[in-house]
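# Topology and contacts: notes
One letter stands for each residue in the lines below.
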Amino acid sequence: MFGDDKAILKQRLKKLFPELTEKQRDSISKLPYRGWGRLSKVFLEEMEAPAPETGEAWSIIRALWETNDNLMQLLSEKYLFASAIEEKNGNEQKKRDISYELVEELYVSPAVKRQIWQSLLIVKEICKVMGNPPKRVFIEMAREKTDQGRTSSRKKKLLELYKKCKAEEKDWIDEIEKRSDAEMRRDKLYLYYTQKGKCMYSGETIELEELWDNQKYDIDHIFPQSKVMDDSLDNRVLVKKKCNQMKEDKYPIDETVRKKMQPFWKSLVDAGLISEEKYKRLIRGNGFEPSELAGFISRQLVETRQSTKAAASILQQVIPDTQIVYVKAPTVSKFRKDFKFLKVREMNDYHHAKDAYLNIVVGNAYFVKFTSNPIHFIKENPGRSYNLKKMFEQERIERNGEIAWEGGNGTIVTVRKFMEKNNILVTRRSYEATGALFDQQIVKKGKGQVPIKSSDERLCDIQKYGGYNKEAGAYFVLAESEGKKGKKIRTIEYVPIRLKKEIQKSEENIIRYLEEERQLKNPRVLVPEIKIDTLFCVDGFYMWVSGRSGDQLLMQGANQLVLSQEETEILKKIVQYVERKKQNKELKIYDSDHLEEKKVVMLYETFLNKLTNTVYAKKLGAQAKTLTEKREKFKELCIEEKCIVLYEVLHFFQCQSAAADLKLIGGSGRAGILCLNKNITDCSRIEMIHQSPTGIYEQTVDLNAL
């Protein structure tokens, strides 16, 4: 309610709670109060469970006060809060129809509500098409933002820590200052400096010039990856390869190593170079308890984000017989990497659907193996080990007759077949724009689209006083009017946000707007509302309408780029190089990048062929001409510049508004922007396509035939 205004908050605290001291009010006002509340009063104060020792009824807020346990520990099997919450949800969750009321009740931001609502509409439509609800719904859990809140770079952090250290036998500060921030983002180098250039298991010096030799140095996981998929810096150390091989896949670390290295580890934690958590993992002498192993598995199956749990809660209400299964994004990412499924986000939108499919494959395997309660798996299989790292190297994953994974050439063959499919439906949510009415900067007299003050006649004359420019549109209308010599013309006109409510009151209002503001003669409304991101098909070329500029409608391509496996590999390497180059302008291409000159040129020819001989030629033919004329100029460029040009050419095929900068080959700096003249009278074929949330159902409207 108060946002960042601490002064108002302190005044209100003084008025409502006069017993608080000035110091207490000051402390309370400094706490962060941004964003949306995640925990309800019912959750914190009304969910009760017996205290472990006394049996006294504790609320969650009371337990947080009385114990040192955090919220996640309170929701573990040590307490009965989770059972109480499950019981309450079970009592209250009766099957409900899908309606926006379900979403309105959630304590999440409007943006998250829109995402959840769109997901519900998709589920509803799939249930309709299939004739029954699905057996399981898989929800992907996004990666944890481990760097959230870190304002300083790794380099700056290390310099600050080393400046606090006492005299060292080596001038680390001078060496670190020579490194760029981009270099410090490489984990191997960063770990080297956090460990003072020594192997974490032997204490021997690591030769910096040989750091990247994988035959000499490894990054090891303290908690083995076979037991917990923790790839954070708290769980990784830089060690000599021979030491890593001796440790194998075991925990705790060998006692001899711990005794020898503990003083060194202690010096690192005291200096702030490693965390307390990392230090505890290094010195710990006992193995994993069954509850810990269950917890490690649960991290792959249980979600803690409130927005994700909110979506799951609603799904459970509308399809109560369906099992909700959580899938961790890093787990799916590892599967994709292990089986070499390429992903290039910049190429097309299909990666979303393919990610969803892999979430089902991976999530189902975890669910079948461990069920939703991993502690039962541990208890039912005493002494039986599991290996998360090698989950999909097993011959078979099966439970109660349900086979989730067949090793060898079994399930993976089916997965590859589906991943090669590109007959994927892509839809966008169409909407009315809201927000700023126009550019806030007043332009000089004779210019501008909106009077400075429409209610004051003295300031209504734009010719005398200027006005506001770049008026924002809420949506469009299709109108027919009389052009020169009485010829009928059809134009797509924008409806400004500032007039939307007034225009929507009656048909007379929109006619008046078209006559007075848009200067149309005898207008007739054919389509009263065309929303932003509505799909069009113009002479066989699919586009989404995204805005306007003057008499032009700004469009975004809706034709998805598909490349061969080899071409996709080349494109991925190019994208990775260009993204790195944005951080380091002097970056060169090395042999390790595996970018061959002839393959880069081959991709240029592929792009040119698509612009010349496929659907892209309908709207991007001029760009094909440019690439043809500039082909020799492209070949003369160094390989680094060739990659930059191809990265820019990629914009032609992307479903967004970005222009391509072709200056390196003598072309335009803003090439390939898709536009459609608002006057569509001469279009041989123009259709507006209304899509259902899944895209399974479509309604096509021929705008020439209305």
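Please refer to the structure placed before this passage.
Residues numbered from 1 in each chain as written. Predicted model: local features only at pLDDT ≥ 70, side-chain atom pairs only at ≥ 80, totals over all residues. Heavy atoms only, no water.

A few words now on the sheet that holds strand S20 (residues 698-702). Taking strand neighbours across the sheet as the criterion, the six strands line up as S18-S17-S16-S15-S19-S20 in an open arrangement whose pairing is antiparallel. Either end of the sheet is taken by a strand with one partner, and the two such strands are strand S18 (675-677) and S20. Each strand of the sheet is rotated relative to its neighbour by a mean of 40°, with strand direction disregarded. By the bridge criterion, five bridges tie strand S19 (residues 686-691) to S20 in an arrangement that is antiparallel. Bridge pairing in S20 links isoleucine 689 to threonine 700. (Pairing = 2+ DSSP bridges. Helix = DSSP H or I, 4+ residues; strand = E, 2+ residues; numbered from the N terminus. Axes fitted to C-alpha atoms, helices over the stretch in contact; angles between N-to-C directions.)

The next thing to look at is the packing of aromatic side chains. Enumeration over the complete set of coordinates arrives at 19 aromatic pairs. With a centroid separation of 6.0 Å and an interplanar angle of 65°, the aromatic rings of tryptophan 172 and tyrosine 192 are classed as edge-to-face. Of this pair, tryptophan 172 sits in helix H10 (residues 172-177) while tyrosine 192 sits in helix H12 (residues 187-194), and the two are 20 residues apart along the sequence. This pair shows no difference in class: tryptophan 172 is buried, exactly as tyrosine 192 is. (Phe/Tyr/Trp six-rings, centres within 6.5 Å; stacked < 30°, edge-to-face > 60°. Buried < 20%, exposed > 50% of the residue type's maximum accessible area, 1.4 Å probe, protein only.)

Taking 1.5 Å of rise per residue, 13 residues should cover 18 Å, yet helix H27 (residues 617-629) covers just 16 Å from first to last C-alpha, more than 12% shy of that figure. Where H27 bends most, the angle comes to about 35°, and this point is glutamine 623. For H27, every residue scored as buried is listed here: Leu620, Gln623, Ala624, Thr626 and Leu627. Considering only its buried residues, H27 is in contact with helix H26 (597-613), helix H28 (631-636) and helix H29 (639-649). (Expected span 1.5 Å × (residues − 1). Bend = angle between axes of the 7 residues up to and from the residue. Contact = heavy atoms within 4.5 Å.)

Taken in spatial order, the three strands of this open sheet run S13-S12-S14, and their pairing is antiparallel. Each edge of the open sheet carries a strand with a single partner, namely strand S13 (488-496) and strand S14 (524-530). On average, adjacent strands in this sheet sit at an angle of 20° to one another, irrespective of strand direction.

As paired strands, strand S7 (residues 396-399) and strand S8 (residues 402-406) are joined by four bridges and run antiparallel to one another. Bridging from a neighbouring strand, arginine 396 pairs with glutamate 406 of S8.

This part covers the packing of helix H18 (residues 329-338) against helix H19 (residues 350-370). At their nearest, the axes of H18 and H19 sit 9 Å apart, and the two run at 100° to each other. Comparing their axes, H19 and H18 come out roughly perpendicular. Taken together, the residues of H19 that come into contact with H18 (itself represented by Thr331, Val332, Phe335 and Arg336) are His351, Lys354, Asp355, Leu358, Asn359, Val361, Val362 and Tyr366. (Parallel < 35°, antiparallel > 145°, perpendicular 65-115°, else oblique.)

Let's shift gears to unusual backbone geometry. Here the amide bond leading from tyrosine 251 into proline 252 is cis, since omega sits at 5°, within 30 degrees of zero. Within the secondary structure, proline 252 sits in the loop between helix H13 (241-247) and helix H14 (255-270). One non-glycine residue, asparagine 400, lies in positive phi territory at about 50°. In the Ramachandran plot, aspartate 539 falls in the positive-phi region, its phi being about 55° despite a non-glycine side chain.

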